[in-house]
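Given next are the chains, with one letter for each unit.
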Amino acid sequence: MNGNLHKAGDIIGDRYLVLGFIGQGGMQEVYQAEDKLLGKIVALKAPKNLSAQKRFKRSAVVSAKVNHPNVAKTLDYVDVDENHAYLVEEYIPGKDLSRVLREDLPLLDPQIVARIFHHLARGLAASHHAGVIHRDLKPSNVMSVDGALVSDVKITDFGIAKMAEEEIAEAAEGGEESLTASQTAIGALPYMAPEIISSMKSADKPADIWSLGAMCFELLTGIKPFGAGLKAVSAIQAGKLPPFPTELSKSQFAPLAKDILSVVQKCLQLEQKARPTADELVKLCETFCYPANPREFGVVDSMRNAFFGFITAAAGKSVFFHRDSIFGANTAASGERVVFTRYPGEGSDRAFPVVKLRK
Amino acid sequence: MSDAAKCIDTHLDRPVLVKALKEGTDKKRLLDEIRALQKIRSKHVVQIYDVVRDEDGEIQGLVEEYIEGADLTYLNPPTTAEDLMKLFYPIAKGIAEIHDHGHIHRDVKRQNMKFDGEGCLKIFDFGLARDETADASTIGPIGTPGYMAPELFVAGTNGKTSFTTAIDVYAFGVTAISLARGTMPNGLKGIPPKLPAADADFNGLPQSLPPAVATLLNQCLAADPTARPKMSEVAEELSLHLLHGQHRAFVGFSGRLYVLDATHPAADLSVAGQGALRVRYDGLRFLLENVTGHVALNNQQAFNGMVVPGSCVIMLGLPYPSARTAITIDVSHPEVTL
Ligand SMILES: Nc1ncnc2c1ncn2[C@@H]1O[C@H](COP(=O)(O)OP(=O)(O)OP(=O)(O)O)[C@@H](O)[C@H]1O
Ligand SMILES: [Mg+2]
């Protein structure tokens, strides 16, 4: 894939060397670049159309106000000329969460969702303290360091949402045709709070809380809580959650899944005032018990019997696992790719949890 | 005092700190060193945004992230052990992350750290490259009196001092004891300091740190650099104690799940003819007791006092073809996000 604005080798603002195209959304193109001055890799974001440029600057200023480890850092803003402006952001090696869901993990285990929820709540609280509302929280705007290993999560595109707002507002008011015509609106809709659907202008802090709740529901269950497309509108306005998938009631995972779901429900209250504030949400998430140890990729060797098997990883000893530790399944076939956390053991190490990757 | 001024970045409309280079800075090596620092992935290290050059293109200063508020020099000492450990933990963690990336800070002290508006500790002012040919005084020890480890006063055969990450561990120890007391102990002010100093003892503090923590912190002030712990060990011990009473173990046994925590600290598990044991929570760790019969933890012979690792499988009974019972134990706790 290539960008329209730049190719590898372009130099921007005498300082940033374009290395390649990362991707694009409705509003911007994103490139990987090298900061020649400080010798580090950065993400370079450029608005797609010129009319958006003025608002782009405003969005850069807004995102620069937020400084938190769970928010992608704004590093620089380069105004090359009246037709070219760039936001320089911390480059995050990995994938956004929508790609992780699409390419790697159909759903995530409660252990990692609890950690994601906690960290995103903290990032959101920092932005709300700075008076910044995200307005467009969704999996594609959360970067996961190391992709499916989720070593860390960072919220991006704080400012861009304000730009998207007008496009989404138009689309939402224009009905089915314009909604489906707007990629940005389609992507945002499943996570949109009911008050935003009624009037884009009413986007306030509680709308972010709703979006975070909707997103974490999807991460945990693999299901968009209110569906996708136009059908989501009435489902959101009704505010009713679908039933909880049964694989999550597996004993090893059930207590934490239940804890997360109860916090999700608090976020998805139709009444804005009934939702927790970001600070209250952080307090709720602080009670989650989860291992924060690093994860790694592996391949299932074999199940030795109905109860346990072994995993081979790129480095280190072979890893023993019990079937109760497999998330969302009771067995694993040889050759299946998994993500797991390793604990030291004699002979073999031990894995918990074991989460299967998409085939 | 370094020359620094709060300025506004007019592009992004946010405050930044513009800092003049310290006298004696080796400008030729400065950029290389700043570039190397960029590789450190730590939320505790202040971000450098840009450099300031003069008309000749020579670097005169650095543009850094601006952190609101006062540094830790005059911080009121916390009154409880928990608050004291909450203060120490992010400092130890930040320095450990700097060390993980192969760097030595070289100027760890209370003046070089601040908490930002979100309560995140930030460490700044790396002792950057110095021009070693400039004048004799720079060949001598660098750092700040009181925070300088004793080995920094010993010149090698080439007239220069050599040092390791242990100088940061020592400076951390001085920082920590000074934060705990509100002032730097007089016993550490000698040049070089006479160690151990009677008034720099983590065991006698009014905050009453857990003995294991106090012992480890005292080792940070050891005269012998090799006797000091790694910074990551200190961070780990602090985080363990910060979680006192908050751990939880999920025990899966014959299709049922039992939860052990501070309110339900023990469980007896047994299968007739195979083996028996008790798992007990002591506020920090889950331990095995009353082990009888054939009991293996992660394939290792279990014994009384054995600590349950983060996650394990306990097998009761002799290996195949005998009947065996598997017990899974998964320990978790709230994440320390300081
Ligand atoms: N700081 C970053 N570091 C690395 N990759 C990034 C960074 N920010 C964004 N990306 C990647 O760039 C791609 C495009 O991002 P963009 O925000 O334009 O699209 P989007 O969020 O998917 O769409 P939308 O316009 O609907 O919000 C995404 O795939 C994302 O993974
Ligand atoms: Mg985006």
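Residues numbered from 1 in each chain as written. Chains lettered and ligands numbered in written order. Predicted model: local features only at pLDDT ≥ 70, side-chain atom pairs only at ≥ 80, totals over all residues. Heavy atoms only, no water.

Draft legend 1. The overall build of chain B, seen in detail. Looking only at helices and strands, chain B has six helices and 15 strands in total. At 25 Å, chain B has a C-alpha radius of gyration far larger than the 20 Å of a compact globule built from 338 residues. For the C-alpha atoms alone, the extent of chain B along its principal axes is close to 85 × 50 × 40 Å. Taking all 338 residues of chain B together, the buried fraction comes to 51%. Relative to all contacts within chain B whose residues are 6 or more apart in sequence, the contacts with residues 24 or more apart total 53%. Surface summary for chain B: the accessible area is close to 15,700 Å², and the carbon and sulfur share equals 52%. (Helix = DSSP H or I, 4+ residues; strand = E, 2+ residues; numbered from the N terminus. Rg over C-alpha atoms; globule rule 2.2 N^0.38 Å. Buried < 20%, exposed > 50% of the residue type's maximum accessible area, 1.4 Å probe, protein only. Contact = heavy atoms within 4.5 Å. Areas by Shrake-Rupley, 256 points an atom, 1.4 Å probe, with all protein chains shown as cover.)

Draft legend 2. Here's a closer look at the overall build of chain A. When helices and strands are counted, chain A shows eleven helices and 14 strands. Since a compact globule built from 359 residues should have a radius of gyration of about 21 Å, the 21 Å found for chain A is in line with a globular shape. Based on the C-alpha atoms only, the size of chain A along its principal axes is roughly 65 × 50 × 35 Å. Partitioning the intrachain contacts of chain A with sequence separation of at least 6 by distance along the chain shows that 62% fall at a separation of at least 24. Each charge class in chain A was averaged separately, 42 positive and 42 negative side chains, and the resulting centres sit 4 Å apart. (Lys, Arg positive; Asp, Glu negative; His and termini not counted. Charge placed at Lys NZ, Arg CZ, Asp CG, Glu CD.)

Draft legend 3. Representation of the domain arrangement of chain B. All names here are of chain B. The assigned domain composition of chain B is domain 1 (2–65), domain 2 (81–242) and domain 3 (249–331). If you average the C-alpha positions of domain 1 and of domain 2, the two centres end up 24 Å apart. With 21 residues of domain 1 at the contact, the number on the domain 2 side is 20 residues. When the two sides are added together, the surface that domain 1 and domain 2 hide from each other amounts to roughly 1,900 Å², 56% of it contributed by carbon and sulfur. At the surface where domain 1 touches domain 2, the tally comes to three salt bridges. (Domains from an automatic or database assignment. Buried area = accessible area lost by both parts, 1.4 Å probe. Salt bridge = Lys/Arg side-chain N within 4 Å of Asp/Glu carboxyl O.)

Draft legend 4. How the structure looks around the site of ligand 1. Residue and element names in this part refer to chain A. Around ligand 1, 22 residues are found, and the nearest of them are Gly26, Glu89, Asp96, Lys138 and Asp157. Within the side chain of lysine 45, an N or O atom sits 3.0 Å from a nitrogen atom of ligand 1. Side-chain polar atom of asparagine 141 to an oxygen atom of ligand 1: 2.9 Å apart, as the coordinates give it. Those elements that provide at least two residues to the shell around ligand 1 are strand E2 (16–24), strand E3 (28–35), strand E4 (40–47) and strand E6 (84–90). The greatest single-element share of the shell around ligand 1, amounting to three residues, is contributed by E2. Taken together, the residues of the shell around ligand 1 sort by class into seven nonpolar, eight polar and seven charged. Summarising the domain contributions, the shell around ligand 1 has at least three residues from each of domain 1 (11–90) and domain 2 (94–285). (Near = heavy atom within 4 Å. Polar contact = N/O pair within 3.5 Å; in protein donor to acceptor, adjacent residues only side chain to side chain. Nonpolar A, V, L, I, M, F, W, Y, C, P; charged D, E, K, R; others polar.)

Draft legend 5. Representation of the pairing of E3(A). Residues and elements named next belong to chain A. Within E3, six of the eight residues are buried, which leaves it mostly tucked inside the rest of the structure. The loop that links E2 with its antiparallel partner E3 comprises three residues. Sheet topology note: the E3/E4 ladder contains eight bridges and is antiparallel. The residue of E4 that forms the bridge with glutamate 34 is isoleucine 41. Here E3 folds back onto E4, and the loop between the two strands holds four residues, one of which, glycine 39, carries a positive phi near 65°. (Pairing = 2+ DSSP bridges.)

Draft legend 6. Up close: the pattern of salt bridges. Inspection of the entire model under this criterion finds 35 salt bridges over all chains. Its salt-bridge partner being A:Glu218, residue A:Lys224 comes within 3.3 Å of it at the nearest N-O pair. Looking at A:Lys224, the relative accessible area reads 31%, which means it is partly exposed. Through salt bridges with shared partners, a single ionic network connects A:Arg15, A:Asp35, A:Asp76 and B:Asp50.

Draft legend 7. Examining the nonpolar core more closely. Ranked by internal contacts, the top residues of the largest apolar core, which has 70 residues, are A:Ile116, A:Phe117, A:Leu212, A:Ile260, A:Leu281 and A:Phe288. Broken down by element, the residue count for this core peaks at ten residues, all from helix H8 (residues 205–221) of chain A. Apart from residues lying up to four places away in sequence, A:Leu212 is in contact with A:Phe117, A:Leu120, A:Ala121, A:Leu124, A:Leu137 and A:Leu281. Among the nonpolar cores identified, the runner-up in size contains 49 residues, and B:Ala81, B:Ala149, B:Met184 and B:Val213 belong to it. (Core = buried A, V, L, I, M, F, W, Y, C linked by side-chain atoms within 4.5 Å.)

Draft legend 8. The confidence of the model for chain A, seen in detail. Per-residue confidence for chain A gives a mean pLDDT of 89, with 90% of residues at or over 70. Confidence scores differ between elements of chain A, with helix H5 (residues 176–181) of chain A showing the lowest mean pLDDT of 54 and strand E8 (residues 142–145) of chain A the highest of 98. (pLDDT = per-residue confidence, 0-100.)

Draft legend 9. Examining the interface of chain B and chain A more closely. With 43 residues of chain B at the contact, the number on the chain A side is 50 residues. Carbon and sulfur atoms make up 53% of the area that chain B and chain A hide from each other, which totals about 3,900 Å². A per-residue breakdown of the area chain B buries against chain A is headed by B:Leu12, B:Glu118 and B:Glu335, which together make up 17% of the total. The tally of links from chain B across to chain A stands at three salt bridges. In this structure, the connection of chain B to chain A is made through 21 residue pairs in polar contact (both at pLDDT 80 or more). For the side of chain B that touches chain A, the secondary structure elements donating two or more residues are helix H1 (27–37), strand E3 (48–53), strand E7 (248–253), strand E14 (311–316) and strand E15 (325–332) of chain B.

Draft legend 10. Looking closely at the packing of helix H2 (residues 81–100) of chain B against helix H4 (residues 166–181) of chain B. Residue and element names in this part refer to chain B. Put simply, H2 and H4 touch, their axes get as near as 11 Å, and they point 165° apart. Between H2 and H4, the interaxial angle falls into the category roughly antiparallel. Note on packing geometry: the crossing formed by H2 with H4 is right-handed. On H4, the residues that touch Leu84, Leu87, Phe88, Ile91, Ala92, Ile95 and His99 of H2 are Asp168, Val169, Phe172, Ala176, Leu179 and Ala180. The residue inventory of the contact of H2 with H4, partitioned by class, reads eleven nonpolar, one polar and one charged. (Axes fitted to C-alpha atoms, helices over the stretch in contact; angles between N-to-C directions. Parallel < 35°, antiparallel > 145°, perpendicular 65-115°, else oblique. Left-handed = near helix turned anticlockwise from the far one by under 90°.)

Draft legend 11. Highlighting the sheet that holds strand E2 (residues 14–20) of chain B. Residue and element names in this part refer to chain B. Here we have four strands laid out as an open sheet, ordered E1-E2-E4-E3, and antiparallel in their pairing. Edge positions in the sheet fall to strand E1 (4–9) and E3, since each of these pairs with one other strand and no more. The average angle at which neighbouring strand axes cross in this sheet is 30°, direction not considered. Relative to strand E4 (residues 59–65), E3 runs antiparallel, the two being bridged by five bridges. Its bridge partner being in E4, valine 51 is matched across the sheet by leucine 62.

Draft legend 12. Structural context of the coordination of the magnesium ion (ligand 2). Note on the magnesium ion (ligand 2): its protein donors are A:Asn141 (OD1) and A:Asp157 (OD). The metal-donor distances range over 2.0 Å. In this pair, A:Asn141 is assigned in the loop between helix H3 (110–129) and E8 and A:Asp157 in the loop between strand E9 (152–155) and helix H4 (160–174), connecting sequence segments 16 residues apart. (Donors = N, O, S within 2.8 Å, 3.2 Å for Na, K, Ca; no water.)

Draft legend 13. Highlighting the sheet that holds strand E10 (residues 275–281) of chain B. Residues and elements named next belong to chain B. The sheet built from three strands is open, its strands ordered E9-E10-E11 with antiparallel pairing. In this open sheet, the two edge strands, each paired with only one partner strand, are strand E9 (266–271) and strand E11 (286–293). Each strand axis lies, on average, 15° off the axis of its neighbour in the sheet, ignoring direction.

Draft legend 14. Fine view of the packing of aromatic side chains. All names here are of chain A. Taken as a whole, this structure holds eleven aromatic pairs over all chains when the rule is applied. Look at phenylalanine 253 and phenylalanine 327: their rings are 5.2 Å apart centre to centre, the planes differ by 65°, and that puts the pair in the edge-to-face class. Of the two residues, phenylalanine 253 sits in the loop between helix H9 (231–238) and helix H10 (254–267) while phenylalanine 327 sits in the loop between strand E12 (319–322) and strand E13 (337–343), which places them 74 residues apart along the sequence. Residue classification places phenylalanine 253 among the buried residues on the basis of a relative accessible area of 0%. (Phe/Tyr/Trp six-rings, centres within 6.5 Å; stacked < 30°, edge-to-face > 60°.)

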